[in-house]
Amino acid sequence: MGANACIIGDITIGNNVSIGAGAVVVKSLPDNCIAVGNPARILENKKVAQALTDDI
């Protein structure tokens, strides 16, 4: 979890989630994702990104 990130409300943060600095999380986040922004949005799924780099 990055500096000054805020978790707002009764939400669930999944396993292996990265939250960017200054992000404002207002919705639950699934496992294995990267969330950034205000309000936070999912930038990418870590498993999909890893599978793409494994093919190179």
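About the thresholds
- Counting of residues starts from 1 at the beginning of each chain's written sequence and follows it residue by residue.
- For a predicted model such as this one, the threshold for reporting local features is a pLDDT of at least 70, and the threshold for listing and counting side-chain atom pairs is 80 or more; totals across whole chains, interfaces and linings nevertheless cover every residue.
- Side-chain measures here rest on the full set of heavy atoms in the structure, leaving out hydrogens and waters.
- Strand pairing requires that DSSP identify at least two bridges connecting the strands.
- Strands are runs of DSSP state E lasting at least two residues, helices are runs of H or I lasting at least four, and both sets are numbered from the N terminus onward.
- Any two residues whose heavy atoms approach within 4.5 Å at even a single point are treated as in contact.
- Only residues whose relative accessible area exceeds 30% and that form no salt bridge enter a patch; like-charged residues are grouped when within 9 Å of one another, and nonpolar side chains (Val, Leu, Ile, Met, Phe, Trp, Tyr) when within 5 Å.
- Residue-level accessible areas treat just the shown protein chains as cover; the underlying method is Shrake-Rupley with a 1.4 Å probe.
- By definition, a salt bridge exists where a carboxyl oxygen of Asp or Glu is found within 4 Å of a side-chain nitrogen of Lys or Arg.
- Three labels apply to residues, based on accessible area from a 1.4 Å probe with only protein chains included: buried if under 20% of the type maximum, exposed if over 50%, partly exposed otherwise in between.

Asks: Mind showing me how you'd approach the sheet that holds strand S5 (residues 41–45) here?
Replies: Overall, mixed pairing links the three strands, which are arranged S2-S4-S5 in an open sheet. With one partner strand each, in any of the chains shown, strand S2 (18–19) and S5 form the two edges of the open sheet. In terms of strand pairing, strand S4 (residues 33–36) meets S5 through four bridges, oriented antiparallel. From the neighbouring strand, Cys33 faces S5, where its bridge partner is Asn45.

Asks: Even after reading the chapter, I still don't get the environment of Ala40, so can you show me in this structure?
Replies: The topology assignment puts Ala40 in the loop between S4 and S5. Between the C-alpha atom of Ala40 and that of Val25, which follows or precedes it by 15 residues, the distance is 5.0 Å. What Ala40 contacts, discounting residues up to four positions off in sequence, is Ala23, Val24, Val25 and Ala35.

Asks: Hey, could you run me through a nonpolar patch on the surface in this one?
Replies: There is a patch of nonpolar side chains on the surface, built from Met1, Ile7 and Ile13 and spanning about 290 Å² of accessible area. Examined against the element boundaries, Ile13 turns out to sit in the loop between strand S1 (6–7) and S2. With a relative accessible area of 35%, Ile13 lands in the partly exposed category.

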